[in-house]
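Coordinate inspection notes
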Amino acid sequence: MKTLLAAYSGVVKGTGSSVLSVLQDLPSPPWPCRSKMEKHLQCISVLQWVISFLALGLSATVLLIYMFCTDCWLIAAMYTAWLIFDWNTPKQGGRRSSWVRNWTVWTYFRDYFPVRLIKTHDLSPSRNYIFGYHPHGIFCFGAFCNFGTEATSFSKKFPGIRPSLATLAGNFRFPVLRDYLMSGGICPVNKNSMDYLLTCNGTGNAVVIVVGGAAESLECVPGKNSVTLSRRKGFVRLALEKGSDLVPVYSFGENDAYQQIIFEEGSWWRLVQRKMQKIVGFAPCLFHGCSFFSAETWGIVPYCKPITTVVGEPITVPKVEKPTPDVVDQYHAMYIKSLQCLFDKYKTHFGLKESDVLEIL
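Residues numbered from 1 in each chain as written. Predicted model: local features only at pLDDT ≥ 70, side-chain atom pairs only at ≥ 80, totals over all residues. Heavy atoms only, no water.

**Here we look at the overall build of the protein**
Stated formally: Numbering of helices and strands runs from the N terminus, with a helix taken as a DSSP run of H or I at least four residues long and a strand as a DSSP run of E at least two residues long. Burial classes: relative accessible area under 20% of the type maximum marks a residue as buried, over 50% as exposed, and values in between as partly exposed (1.4 Å probe, protein chains only). Working rule for contacts: check all heavy atoms of both residues, and any pair within 4.5 Å makes them a contact. Every accessible area reported is derived by Shrake-Rupley at a probe size of 1.4 Å, with residue values counting cover from the shown protein chains alone. For the charge count, each Lys or Arg is scored as positive and each Asp or Glu as negative, with His and the chain ends excluded. Charged side chains are reduced to one point each, which is NZ for Lys, CZ for Arg, CG for Asp and CD for Glu.
Along the protein, the regular secondary structure elements total 14 helices and 12 strands. Projecting the C-alpha coordinates of the protein onto the three principal axes gives extents of approximately 100 × 60 × 50 Å. For the protein, the residues scored as buried account for 44% of the 361 residues in total. For the protein, restricting intrachain contacts to residue pairs at least 6 apart in sequence, the fraction spanning at least 24 positions comes to 77%. Working note: accessible area of the protein is about 19000 Å², and carbon and sulfur atoms make up 62% of it. Across the protein, the mean location of the 36 positive side-chain charges is 3 Å away from that of the 26 negative side-chain charges.

Below, the structure is given as structure tokens:
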């Protein structure tokens, strides 16, 4: 301040001092470097998704109920009427938004880990597909980034294919959250939704099912390569009934995003997790990542670990209206073999050892 006053005084007195030259001599403000700014933006983009998934639905429900008790009750009533009118939309293909799928925030989301999508074979737009995604991880970051957004250029790598990531139907009962999910092409994993996408929506549809589900999320820890698949045959039966090809998908690094406390089978905490899984469809996991400001402290921000999603070779599946258990078992075995081959072929490319094996639970 004294420097500025002196410069102003010099100009008034005609000494020839220049305010501009004095300003140029002032020290520059400590702006954060570009790389640090980008890292903060990446962290914020991931954090908003985590918080949205955990709290947006419940928060929006509480807010809607509260608005009925205020002068804004008419807005709440109008939204509730729209919600009732629009209730079946998630079961009928949803309401995909190319604008939302191409938000810049998703590129920051992608670069945080980073997330990559690897194509191994072409997919014909004249067929429908069921992608089996493995493993679940805690939040399915790879599945969301690759199939719920265009951050990894899915539409350019697989032209003519429309991905629909399937998640718990309960998520679509919450106001606002349902619209947020549908805008990314996310759909409920129930019979009505699957039937519509694979039967009534033409060809070129790819329904992405996280086969292991909540049970698999209870087993995910860094460095562990296991999938819950040996008794999961419903998606194979669905593929046979609709004549949709099966495509194995494995995400290397999905389990590395968080540290999780694994409770022993038979323990009280494990019984609580199993009970909650049966009641609400998901299992509460005790996990932690890092904090927003430091990787050394605990928080809900995932660790910066690369996630590489490899889309395997499609398995041609005939249409069988009422497949027998033997036929289902046959194609289920083919799927498991294809997934294991995919894992073995690419494991050394993405940080694993030749001796690492994929455990089928």
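**Details of helix 12 (residues 234-242)**
Turning to helix 12, its buried residues are Phe235, Val236, Leu238, Ala239 and Leu240. Contacts from the buried residues of helix 12 go to strand 2 (129-134), helix 10 (191-200), strand 5 (205-210), strand 7 (245-252) and helix 14 (325-346). With its phi angle positive at about 70 degrees, Gly243 sits one or two positions after the end of helix 12.

**Digging into the packing of aromatic side chains**
Heads up, the rule is: Only Phe, Tyr and Trp rings are paired, with Trp represented by its six-membered ring, and only when their centres lie within 6.5 Å; those with planes under 30 degrees apart are stacked, over 60 edge-to-face, the remainder tilted. Two thresholds decide whether a charge sits over a ring: the Lys NZ or Arg CZ must be within 6 Å of the ring centre and within 35 degrees of the ring normal.
Counting across every chain of the model gives 31 aromatic pairs. With 6.2 Å between their ring centres and 75 degrees between their planes, Trp106 and Phe109 make a pair best called edge-to-face. Linking Trp106 with Phe109, this pair stays in helix 6 (residues 104-112), spanning three residues, or about one helical turn. Residue class for Trp106 comes out buried when judged on its relative accessible area of 3%. Residues Phe109 and Phe141 carry aromatic rings whose centres are separated by 6.1 Å and whose planes lie at 55 degrees to one another, so their mutual orientation is tilted. Within this pair, whereas Phe109 is found in helix 6, its partner Phe141 is found in helix 7 (residues 141-147), the two being separated by 32 residues in sequence. We classify Phe109 as buried; its relative accessible area is 1%. In this structure, Lys119 is placed above the aromatic ring of Phe158, and the distance from its NZ or CZ to the ring centre is 5.4 Å.

**Focus: a nonpolar patch on the surface**
We count it as follows: Patch membership requires more than 30% relative accessible area and the absence of a salt bridge. Residues of like charge join within 9 Å; the nonpolar side chains Val, Leu, Ile, Met, Phe, Trp and Tyr join within 5 Å. By salt bridge we mean one thing: a side-chain nitrogen of Lys or Arg within 4 Å of a carboxyl oxygen of Asp or Glu.
On the surface, Leu168, Met276, Ile279, Val280 and Phe282 cluster together to form a nonpolar patch covering roughly 420 Å² of accessible area. Tracing the chain through its elements places Val280 in helix 13 (residues 268-280). The partly exposed category is assigned to Val280, whose relative accessible area is 39%.

**A look at helix 10**
Considered for burial, the residues of helix 10 that qualify are Ser193, Met194, Asp195, Leu197 and Leu198. Taken together, the buried residues of helix 10 touch strand 2, strand 3 (162-167), strand 4 (187-188), strand 5 and helix 12. Gly202, located one to two residues past helix 10, shows a positive phi value of around 75 degrees.

**Some points on the confidence of the model for the protein**
For the record, the criterion: The pLDDT value tells you how sure the predictor is about a given residue, anywhere from 0 up to 100.
Overall, the predicted model of the protein reaches an average pLDDT of 90, with 91% of residues at or above 70. Low pLDDT (under 50) marks residues 1-20, which in the prediction has 10 contacts with non-local residues, meaning those over four places away or in another chain.

**Describing the nonpolar core**
Threshold: Note on terminology: a nonpolar core comprises buried Ala, Val, Leu, Ile, Met, Phe, Trp, Tyr and Cys residues joined through side-chain atoms within 4.5 Å.
Counting 52 residues, the largest nonpolar core has Phe109, Phe113, Phe131, Phe141, Phe147 and Leu165 as the members making the most contacts within it. Setting aside its immediate chain neighbours within four residues, Phe109 contacts Ser45, Val46, Trp49, Phe141, Phe144 and Cys145. Membership of the second largest hydrophobic core comes to 32 residues, among which are Ile130, Cys187, Phe235 and Ile315.

**Looking at the sheet that holds strand 7**
Cut-off, in case you're wondering: Strands qualify as paired when DSSP identifies two bridges or more between them.
In spatial order, the strands read 1-11-7-2-5-3-4; together these seven strands make up an open sheet with mixed pairing. The open sheet has two edge strands, strand 1 (115-119) and strand 4, and neither has a second partner. Across six bridges, strand 2 lies against strand 7 in parallel orientation. Its bridge partner lying in strand 7, Phe131 is registered against Val247.

**Here we look at the environment of Cys220**
With respect to the helices and strands, the residue Cys220 is situated in the loop between helix 11 (213-217) and strand 6 (226-227). Considered as a pair, Cys220 and Gln277 are 57 residues apart in the sequence and their alpha carbons are 16 Å apart. Ignoring sequence-local partners within four residues, the contact set of Cys220 consists of Gly137, Ile138, Asn255, Gln260 and Ile262.

**Brief notes about the pairing of strand 7**
Burial within strand 7 is extensive, with eight of its eight residues counted as buried. Neither face of strand 7 is open: one carries Asp245, Val247, Val249 and Ser251, the other Leu246, Pro248, Tyr250 and Phe252, and all of them are buried.

**Remarks on the environment of Pro302**
When you line up the elements, Pro302 lands in the loop between strand 10 (298-299) and strand 11 (307-311). Judged by its relative accessible area of 0%, Pro302 falls in the buried class. Along the backbone, Pro302 and Ile118 are 184 residues apart, and their C-alpha atoms lie at a distance of 22 Å. Beyond its immediate chain neighbours, meaning those up to four positions away, Pro302 contacts Val46, Tyr112, Phe113, Phe141, Ala257, Tyr258 and Cys290.

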